[in-house]
Structures are given as C-alpha cells and as structure tokens.
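Take a look at the letters that make up each chain.
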Amino acid sequence: MGPPVLLLVEEETKSWKKMINVAVSGAAGMISNHLLFKLASGEVFGPDQPIALKLLGSERSFEALEGVAMELEDSLYPLLREVSIGIDPYEVFEDADWALLIGAKPRGPGMERADLLDINGQIFAEQGKALNAVASPNVKVMVVGNPCNTNALICLKNAPNIPAKNFHALTRLDENRAKCQLALKAGVFYDKVSNVTIWGNHSTTQVPDFLNAKIHGIPVPEVIRDRKWLEEDFTQMVQTRGGALIKKWGRSSAASTAVSVVDAIRSLVTPTPEGDWFSTGVYTSGNPYGIAEGIVFSMPCRSNGDGDYEFVKDVIFDDYLRKKIKKSEDELLAEKKCVAHLTGEGIAVCDLPEDTMLPGEV
Ligand code: LMR
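Rules behind the numbers
- Residues numbered from 1 in each chain as written.
- Predicted model: local features only at pLDDT ≥ 70, side-chain atom pairs only at ≥ 80, totals over all residues.
- Heavy atoms only, no water.
- Helix = DSSP H or I, 4+ residues; strand = E, 2+ residues; numbered from the N terminus.
- Rg over C-alpha atoms; globule rule 2.2 N^0.38 Å.
- Buried < 20%, exposed > 50% of the residue type's maximum accessible area, 1.4 Å probe, protein only.
- Contact = heavy atoms within 4.5 Å.
- Areas by Shrake-Rupley, 256 points an atom, 1.4 Å probe, with all protein chains shown as cover.
- Lys, Arg positive; Asp, Glu negative; His and termini not counted.
- Charge placed at Lys NZ, Arg CZ, Asp CG, Glu CD.
- Near = heavy atom within 4 Å.
- Polar contact = N/O pair within 3.5 Å; in protein donor to acceptor, adjacent residues only side chain to side chain.
- Nonpolar A, V, L, I, M, F, W, Y, C, P; charged D, E, K, R; others polar.
- Disulfide = S-S within 2.5 Å.
- Expected span 1.5 Å × (residues − 1).
- Arc of directions from axis to C-beta.

Caption draft 1: Main features of the overall build of the chain. Scanning the chain from N- to C-terminus turns up 13 helices and 14 strands. For 362 residues, the compact-globule estimate of 2.2 N^0.38 gives 21 Å, and the C-alpha radius of gyration of the chain, at 20 Å, lies within 12% of that figure. Residues counted as buried form 52% of the 362 residues belonging to the chain. Put simply, of all contacts in the chain between residues at least 6 apart along the chain, 73% involve residues at least 24 apart. Here the chain has roughly 16400 Å² of accessible surface; of this, 53% comes from carbon and sulfur atoms. Side-chain charges in the chain split into 37 positive and 49 negative, and the spacing between the mean points of these groups amounts to 5 Å.

Below is the structure:
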C-alpha cells in the first residue's frame, strides 16, 4: 500500500490560510496570461494561501477568457480553488480581497491624450463604483492599465467606502528597470541595488531617483561617479524604456509587467527588508515629501507585510531632484483637471503639458 495521500492532503489543507479572492481585469490579455499562472502557483501570496481567481473580460474577449480559465484548470494548481469568469464588474468583483486592474484601451493612432484619459477613465470610474459596491471593504487595488496613476485616482474617487490608501498605480516596473540599469552600469548583480525610488507618474516625466539609491549600501552617486550619465542617459533610459521595448517587440511589455505586479504585491504582503523600500503609486494625502495632495504619485514606501504601507521618512532631496519631481507633479495635476468629470470634481479642463506621454509613446 502506498502512503495515505488523501490524509496528507487533508492535513496540508488545514494548515492553509483562509482563501482569498483575487479579481483580475483584462484577464484575457497578454499581461494577465503571464500573471495568472504566477498567482495560481503560490509564488505571489505564498505556498499556504489558497486563492480564487475571478476573471473580468469583455464581451469581445469572452471566448479567449474561457480559454484562459481552461488552461488554469488544466494546470492542476493545488492552491487554485476556484476560477470564475465574467464581463460584469459588479459580479466579478464580489468579495474581492485584491483587484488587479489591467484591462484598458491602448492609445490608438491619432487619439489625443485627453481622449485616452476619458475613455479609460470611464472604465476605471465604473470599476471603482463596482468595487465600492461589492468588493471586500478593505480590498487592495493595483491599477496597471494606463494612464495608471490617473486611472487609480478616478477609481478611488468612485469608491468612497474603500480607504484611498488601498489604491496603487503600478510603478514597480519602472523601479525594476532602474535597478537593472544601475546594476549594469556598476557591474554588480541586481540584488546589490537598493532604495530605488520612482517618483511621480508612470509616464516620461517619471523620476528615477539615483540620489537616494544605493549599491552595496553606498549612495549611487559615490559608486557611479558620472553625474551626467545619471541625470541624462540613465534617467531617459528608464523614462522611455516602454517605448524602446515596443520598437523591438512590436507591442507593450507584458512578461516584465507581470513580474513587476508580482513584486508589487509581494512587497505589500511580506515585510520590507530592513533599511530598504519600494516604489508604488499611491494617494498623496499626508505624504511627508511636500507633494501636492489629492493625486496618485509614486513614492518610497515600506510595509510590515499586512497589505498596508507607510511612507519612508529618511529621504534626501537636491535642487535637481526637486525640479524633476515638480514636473511630474504638474503633469499629474493637469491630468487630474482633465478627468474632473469622472472624479466628481466639476467640469473637466484639459490643458495637458506637451510632453505628457506614456512610456510606450516615445
Ligand atoms: C510600459 O511601461 O512598458 C508600458 O506602460 C508602455 C505603454 O505605454 O504601454
């Protein structure tokens, strides 16, 4: 006779945590195709965390969504206890503990930035309302669909019953890109690079902060003694990485975006290593950096692993960094005015600075 397999499984199940519901929009898209299998495998929430995946798609993508669900089921992941699909956010977001909002329309040829903000803004206004109505009251929301900072702002404004600090715009991809470039330049492995902040918008005004970043625990400007490279080449490389990738690949980043969503979630559900921090786009109210209140801005945060975060205090600024941050702040304040009709703040006035571009638009 073999070992009592069923009993073992039962024992194991008892040591698992309570199941969590993870809703994913744009579930039939490329980013999700990488992300969903990572979620189901346990590499995101841990090997003792069973999950239900609730997949939101559109009418147009419904068959593809069915295909995704079939592949998930066929993968026999022990931690994946339920898979459901739908096109109505009021159904799919029910009791969601996490909502990963990936689905958004990409900017088409000839489309103005203001049009994109409006079209995608409407999606995120509706999804915010749906989360407010049916999700867990402490749901954590990660907005990936672009323009993600302002989409996150619209979403949180339409979900007044959910704490505003629960909403994130994904800038972890930018942080990872910055870490990679610093590591390559210094000739070290990625894990020697820490304290990297992306400030601001997930756009070409984003500010990869080399002033506070460290390599082997030493400030980056003392390791990479080439201020011109840091201010110009490095900064631009990170700001425009999405566009460079589209040129090579013919489409937006998908695999690395999914990896960075995993990193972003893991940063919230595991304690941040001593002395380090991570970047995430969050609501600015109460921030200690002097950033305008009432926008979603990427800033350095730490977590004790409970899904929440706090702002980091020991950050330094110089004139260069302040000036750069101000530019991204101005851009987000302009985007905010542009979507006032979707946030309940009056009539939209759209006067966007010329260089308001997604990373993929350069
Ligand atoms: C990226 O950073 O790779 C994407 O946000 C690019 C884009 O504009 O789709």
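Now that the structure has been shown, we can carry on.
Caption draft 2: A look at the site of the ligand. Around the ligand sit Asn 146, Leu 173, Arg 177, His 202, Gly 242, Ser 252, Ser 253, Leu 358, Pro 359 and Gly 360, and those are all the residues in its vicinity. Here Asn 146 contributes a side-chain N or O atom positioned 2.9 Å from an oxygen atom of the ligand. Between the ligand and Ser 252 there is a distance of 2.8 Å, counted from an oxygen atom to a side-chain nitrogen or oxygen. Here the ligand loses 88% of its free accessible area of 270 Å² to cover by the protein chains. The residue makeup of the shell around the ligand, split by class, is three nonpolar, six polar and one charged.

Caption draft 3: A look at unusual backbone geometry. Each neighbour pair has its own omega, and for Asn 146 with Pro 147 the value is -5 degrees, a cis peptide bond. One can find Pro 147 in the loop between β5 (140-143) and α6 (148-157). At Leu 76, a residue that is not glycine, the phi angle is positive and equals roughly 55 degrees. At His 216, a position not held by glycine, the phi torsion is positive, near 55 degrees. Within the secondary structure layout, His 216 lies in the loop between β10 (214-215) and β11 (218-219).

Caption draft 4: Region of the structure containing the state of the cysteines. Applying the stated rule across the entire model yields one disulfide. Note that Cys 338 is cross-linked by a disulfide to Cys 350, the S-S spacing being 1.5 Å. One end of the pair, Cys 338, is in helix α12 (residues 319-338); the other, Cys 350, is in the segment after α13 (340-343), with twelve residues separating them in the sequence. Residue Cys 338 is classed as buried on the basis of its relative accessible area, which comes to 5%. Overall, the relative accessible area of 39% leaves Cys 350 in the partly exposed class. Take Cys 148: it sits in no disulfide, and the sulfur closest to it among the cysteines is that of Cys 155, at 12 Å.

Caption draft 5: Molecular detail of helix α3 (residues 62-74). If you check α3, its first and last C-alpha atoms are 18 Å apart, about what 13 residues at 1.5 Å a residue would give, namely 18 Å. Buried residues of α3: Leu 65, Val 68, Ala 69 and Leu 72, and no others. The buried residues of α3 all sit within an arc of 100 degrees when viewed along its axis, so they share a single face. Turned more than 90 degrees away from the buried face of α3 sit Glu 63, Met 70 and Asp 74, all of them exposed. Once α3 finishes, Leu 76 follows within two positions and takes phi at roughly 55 degrees, a positive value.

Caption draft 6: Inspection of helix α9 (residues 227-239) at higher detail. Spanning 13 residues, α9 covers 17 Å between terminal C-alpha atoms, matching the ideal 18 Å at 1.5 Å per step. Where α9 is concerned, the buried positions are Trp 229, Leu 230, Phe 234, Thr 235, Val 238 and Gln 239. Summarising the contacts, the buried residues of α9 are in contact with α7 (172-186), β8 (197-199), β9 (207-209), α8 (220-223), α10 (241-249) and α12.

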